[in-house]
Amino acid sequence: MESIPSTCDSCSKPLRKNKNKRVTIRKEIDPVSNKLMRLCNSCGLRFFRARWRVKKERVKVASQEEKEKYKLEVDAFSKLVYKIVDDDEIACRLRCPVSSPKICRCIQCYLTMDDNFSGDLNTCVISRSRAKELQELCRSAKSLIQTRDIGVSDSMDEQRCVNSKTKLRSKDYEEFVFANRNRLKNEYSMCERGCQRVLCYSNNFLHKQLKSNSKHESRIAGKHVAISETLPLSQLGQFRCCKQRCTGMASSHASLLASWRQRSLAGQLEARRVLAEMCRPAGGHTNCRQFIRYVTGCSDGLLAKVRQELKQSLGYEEPAEHGLKEYWRQKKIKAASSRGNSRALTGSSKVVDGTAKNGVESEKRNSILS
C-alpha cells in the first residue's frame, strides 16, 4: 500500500488530516525533472491551470524616446521613397505614422519586402515596383476625390425643395476606396492608418452619418453587424437561450424582431434605443441577455451600460445624452454670458466717463462767466 506523504513536494507545507475534511493529494509530473510530485490542493490546482492557461504576449508600448526616434526614421525613409516616386507629397504619404501604443511600420515592411523590418535604413532596399504601385493608387485617389456628383439628395428635407442640388462625394471614389482598402488590409497587411495614407480618406469618410442618405447610415457597418448577420432570424427559434425561451418570439413576433435588428444597425444612438426597449419588462418577464445578443449583436458591456442607465432613469427608454454635448452647451452659455457682462461693463464705463466730462466742462463755463 502506498504511503501518504507528510508534506507537499512544492510548498513543503505539512499535509495534516483535519477532523471534518480529509487531505486531498494531487499528483502532477514536474516539467523540469519529469518526476511524480505529490502536492496539496492549492499547488495541484496551480499546476493544473498552468497547463491550460494561454500566455498572451503583452504589447510593448513605445516610449517617448522611441517615438521621437521613429519620427526621424520616417522622415529619412520618405527621402528614400522620393528618389523613386519623384513626388514630395506622395513620398510623405507612403509611410506609416502609427507609433502608439507600438510602432507599426506596415507600409515600410511592404515597400522593403521584409515583414520583420526593424527600421535599419542602411541595409534596406525599397522595391521600385511596389512603390510605383502605391504611387498610382495615391494619384487615382487624389484625382477621384476632387470629382463631385451633383444631384438631388435622398433626405426628406431637401426633397421638399425642387431646385435643391447638392454636391455629393463621387460614387467612383467610394467604390475605389472600399475595393482597394480591403486589398491593402488583407493582402498587403496594412493597418487602418496606413490605408488612409495611401487612399487619401479619413475616419469621417467611413463613419459619418450621411445626410444625403434617408436612413442616415454610415458607409461602413459597426462591429456588432457581423455577430447579428451570422444568425438569421428564421433560424432563431431553433436555439434555446433560457428557461423562458425568449427565442420563441421569432415565430410569434417575427416582424418585431426584424425591426429591432434593422434599427440596431442604423447607428449607436438607435441601437441604444432598441436595447432599452428590449430590456423593458413586458408580460411578466424581461428578455434574456443571450436573446438580445442574437437579435442585435451588441456586446455585453453595452448591454450592461444600457441597463444601468435604465435603472438610474427609472425605466426611461431614451438614452442619456453624450457628455461632450452637455460640455459644449455649457461652454457656449458661459461664453455668451461673459460677453454680455463685458459689454455691460464697457457701456457703464462710457456713461461714467461722459458724466465726468460734462461735470468738468460745466465747471469751466461757470469759472469763465464769473
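Residues numbered from 1 in each chain as written. Predicted model: local features only at pLDDT ≥ 70, side-chain atom pairs only at ≥ 80, totals over all residues. Heavy atoms only, no water.

On to the pairing of strand E2 (residues 36-39), then. Burial along E2 is one-sided: the face carrying Met37 and Leu39 is buried and the face carrying Leu36 and Arg38 is not. In this structure, strand E1 (residues 26-29) lies alongside E2, joined through four bridges in antiparallel fashion. For Lys27, the partnering residue across the bridge sits in E2 and is Arg38. Linking E1 back to E2 in an antiparallel pair, the connection comprises six residues, with Asn34 at a positive phi of about 60°. (Buried < 20%, exposed > 50% of the residue type's maximum accessible area, 1.4 Å probe, protein only. Helix = DSSP H or I, 4+ residues; strand = E, 2+ residues; numbered from the N terminus. Pairing = 2+ DSSP bridges.)

Turning our eyes to something else, we now look at the nonpolar core. In terms of nonpolar packing, the biggest core is built from 34 residues, with Leu94, Leu111, Leu134, Leu184, Met190 and Val198 touching the most fellow members. For this core, the secondary-structure elements that each account for two or more residues are helix H2 (64-85), helix H3 (88-93), helix H4 (106-112), helix H5 (128-145), helix H7 (171-186), helix H8 (192-199) and helix H9 (203-207). Per element, the largest residue contribution to this core is six residues, and it comes from H2. Setting aside anything within four residues of it in sequence, one finds Met190 in contact with Cys106, Ile107, Tyr110, Leu134, Leu184, Lys185, Cys195 and Val198. In terms of nonpolar packing, the next biggest core, distinct from the first, is built from 22 residues, Leu231, Val274, Ala276 and Leu310 among them. (Core = buried A, V, L, I, M, F, W, Y, C linked by side-chain atoms within 4.5 Å. Contact = heavy atoms within 4.5 Å.)

What follows concerns the pattern of salt bridges. Evaluation of the coordinates by the stated rule reveals 14 salt bridges. Beyond isolated ion pairs, a larger network of salt bridges with shared partners links Arg263, Glu270, Arg273 and Glu277. (Salt bridge = Lys/Arg side-chain N within 4 Å of Asp/Glu carboxyl O.)

What follows deals with the packing of aromatic side chains. Counted under the stated rule, the structure contains six aromatic pairs. Between Phe178 and Phe205, the ring centres sit 6.1 Å apart and the planes meet at 25°, which makes this aromatic pair stacked. With Phe178 in helix H7 and Phe205 in helix H9, this pair connects stretches of sequence that are 27 residues apart. Among the aromatic residues, those joined into a cluster by ring pairs are Tyr173, Phe178, Tyr201 and Phe205. (Phe/Tyr/Trp six-rings, centres within 6.5 Å; stacked < 30°, edge-to-face > 60°.)

Attention now goes to the confidence of the model for the chain. Put simply, the chain has an average pLDDT of 78, and 73% of its residues get 70 or more. Here residues 152-166 scores under 50 on pLDDT; set against residues more than four positions off or in separate chains, the count is 19 contacts. (pLDDT = per-residue confidence, 0-100.)

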